[in-house]
Amino acid sequence: MQLVTDLHLHSRFARATSRDLNLANLHRWSALKGIDIVGTGDFTHPAWFAELSEQLEPAEEGLYQLGAAWRKAVEQELPERSRREVRFMLSVEICTIYKKGGKTRKIHHIVILPSLESVACLNQRLGAIGNLHSDGRPILCLDSRDLLEICLEIDEEVLFVPAHIWTPHFAVLGAASGFDSLEECYGDLLPQIFAVETGLSSDPPMNRRFSALDRFALISNSDAHSPQKLAREATCFDTERAYSAIYHALKDRDPARFLGTLEFYPHEGKYYYDGHRKCAVCWKPAQTIEAAGVCPVCGRPLTVGVLHRIELLADRAEGMLPDLIPSCEYLISLDELVSAALGFGPRSKKVRTVCDRLVAEMGSELAVLRSAEIDDIASSAGLPVAEGVRRMRSGEVDIRPGYDGEYGAIRIFSEEERKRREGGDSLF
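Residues numbered from 1 in each chain as written. Predicted model: local features only at pLDDT ≥ 70, side-chain atom pairs only at ≥ 80, totals over all residues. Heavy atoms only, no water.

J.: Please set out the overall build of the chain residue by residue, giving values where relevant.
T.: For the chain, the count of helices and strands is 16 helices and 17 strands. Along the first, second and third principal axes, the C-alpha set of the chain runs to 65 × 60 × 40 Å. Across the 428 residues in the chain, those meeting the buried criterion constitute 57%. Sequence separation of at least 24 residues holds for 69% of the intrachain contacts in the chain that already meet a minimum separation of 6. Taken together, the 50 basic and 63 acidic charged side chains of the chain have centroids lying 5 Å from each other. (Helix = DSSP H or I, 4+ residues; strand = E, 2+ residues; numbered from the N terminus. Buried < 20%, exposed > 50% of the residue type's maximum accessible area, 1.4 Å probe, protein only. Contact = heavy atoms within 4.5 Å. Lys, Arg positive; Asp, Glu negative; His and termini not counted. Charge placed at Lys NZ, Arg CZ, Asp CG, Glu CD.)

Written out as structure tokens, the structure is:
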């Protein structure tokens, strides 16, 4: 049985996150989205750790579930076909900021542990180094290699993953504050890392152009700041429900157990191209290089995006990839698809009604997007929605790339089709 996991996300105790990010809503939205194992996020925050300790109960080895009373209340509100056994893995994103090699480094890491007891020990160690109360994603003045060493001392089977590794400002290979290799960052402890997160602005084929990443499993997660954003990226396994099973599937990079990822179109990520958001400058890497990296509007350095950074470090030409890539499947969120098909905003009541009906009938959003019969979607939501899903599955989309913190935009239907719909003509 395929397990869908989303292990990098946040609670309401992290900055710029939704107040709805509590455990009950994480269970609810995981069920609606089709997630089997979801991260807790933010386990270093004292108030959130207290909620985890109170509301979670042990399930399978290294996994937790929402306590019976809370779980029953959530399941009563779910459509019958959407009810599923949601499990939690204990996770956090940690930011380290420090000087190394004459440069300030700002690196984000995902840390996942198999027990609340290990989490409590790590929190005690890190609490002596920095303020864990201020943010669900703590900022520590600590070398990334030393953070890894501390985590290994707490539990040798810690799953330690460099986060969104190409993001310009807060990633191990980021243009603004990262390194040119993982060895520079983690030194002698690099062999203890066996998975890296691609982030929303890159996908596995882009990462495989850099041969230094061949030894790592490439995983994807939503990095959700609201429950509705869960599963916009995810990682799939064929293992038993157990922490150690997922840990070893990644460590061994076994294609029979580590099946691949569900991907955001990387062009839609907010750091895909180079540019300046305030100056409305969005450039391909070649344009940035030609302009010596200077914004033509304000004269300041442009934010170098993920594609540019990969081009600089890549030692393989585009398309010349090793046979190392598990499957990656590109998805568009259901509300965006329905919005494009119907011509109403993704948060409108009409779009929400259609999405809710599809999820209730098919079981989950991922079931609608990945496996439901097109004819069944058409019967439930109409031909335009069904055609939108078909085009997404076949990659028939146009994308305006994201840049400098601005998300890109996907166009599923052409301008001519949009005008026909607004004029009252049927799209199909």
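So, next bit.
J.: Give a description of a positive patch on the surface that names residues and reports values.
T.: The grouping of Lys270, Arg277, Lys278 and Arg300 at the surface amounts to a positive patch. Along the polypeptide, lysine 270 turns up in the loop between strand E12 (258-264) and strand E13 (274-276). (Patch = residues over 30% accessible without salt bridge, like charges linked within 9 Å, V, L, I, M, F, W, Y side chains within 5 Å. Areas by Shrake-Rupley, 256 points an atom, 1.4 Å probe, with all protein chains shown as cover. Salt bridge = Lys/Arg side-chain N within 4 Å of Asp/Glu carboxyl O.)

J.: Give a description of a negative patch on the surface that names residues and reports values.
T.: A cluster of acidic side chains, namely Glu361, Glu373, Asp375 and Asp376, defines a negative patch on the protein surface. With respect to the helices, strands and loops of the structure, glutamate 373 is situated in the loop between helix H13 (365-370) and helix H14 (374-381). Taking relative accessible area as the criterion, glutamate 373 reaches 53% and is therefore assigned exposed.

J.: So, the pairing of strand E8 (residues 159-162): which residues are in play, and what are the values?
T.: Residues of E8 alternate between two faces, with Leu159 and Val161 on one and Phe160 and Pro162 on the opposite face, all of them buried. Examined bridge by bridge, strand E6 (residues 103-113) and E8 share 4 bridges and lie antiparallel to one another. Paired with isoleucine 110 across the strands is valine 161, a residue of E8. (Pairing = 2+ DSSP bridges.)

J.: Mind laying out the packing of aromatic side chains, listing which residues take part and the relevant values?
T.: Taken as a whole and judged by the stated rule, the model has 9 aromatic pairs. Centre to centre, the rings of phenylalanine 13 and tryptophan 48 are 6.1 Å apart; their planes meet at 50°, and the pair counts as tilted. Taken as a pair, phenylalanine 13 in the loop between strand E1 (3-6) and helix H1 (23-33) and tryptophan 48 in helix H2 (residues 46-55) lie far apart in primary sequence, 35 residues in all. Taken together, the ring pairs connect Phe194, Tyr243 and Tyr247 into an aromatic cluster. Note that arginine 105 overlies the ring of phenylalanine 179, its terminal NZ or CZ placed 4.1 Å from the centroid. Between the NZ or CZ atom of arginine 232 and the centre of the ring of phenylalanine 264, over which it lies, the distance is 5.9 Å. (Phe/Tyr/Trp six-rings, centres within 6.5 Å; stacked < 30°, edge-to-face > 60°. Lys NZ or Arg CZ within 6 Å of the ring centre and 35° of its normal.)

J.: Tell me about the pattern of salt bridges, residues and numbers included.
T.: Side chains that carry opposite charge are capable of pairing whenever their charged atoms lie near each other. All chains considered together, the criterion is met by 27 salt bridges. We note a salt bridge from arginine 15 to aspartate 135, for which the minimum N-O separation is 3.5 Å. Taken together, the residues arginine 15 in the loop between E1 and H1 and aspartate 135 in the loop between helix H4 (116-127) and strand E7 (139-140) connect sequence positions 120 residues apart. A relative accessible area of 53% means that arginine 15 is categorised as exposed. Between arginine 71 and glutamate 57 there is a salt bridge; the shortest N-O distance is 3.5 Å. Taken together, the positions of arginine 71 in helix H3 (residues 68-77) and glutamate 57 in strand E3 (residues 56-58) put the pair 14 residues apart, joining distant regions of the chain.

J.: Give me the lowdown on the environment of glutamate 80, citing residues and values where you can.
T.: Structurally, the position occupied by glutamate 80 is in the loop between H3 and strand E5 (87-100). Separated by 283 residues in the primary sequence, glutamate 80 and glycine 363 place their C-alpha atoms 8.0 Å from one another.

J.: Can you break down the pairing of E5 residue by residue, with the values?
T.: Burial runs high along E5: 11 of the 14 residues are buried. Both strand E2 (residues 37-39) and E5 contribute to a ladder of 3 bridges, which runs parallel. The residue bridging glycine 39 from the neighbouring strand is methionine 89, located in E5. For E5 and E6, the ladder comprises 11 bridges, and the chain directions are antiparallel. Bridge pairing links isoleucine 94 to histidine 109 in E6. The turn joining E5 and E6, which pair antiparallel and follow one another in sequence, is formed by 2 residues; a positive phi near 65° is taken by glycine 101.

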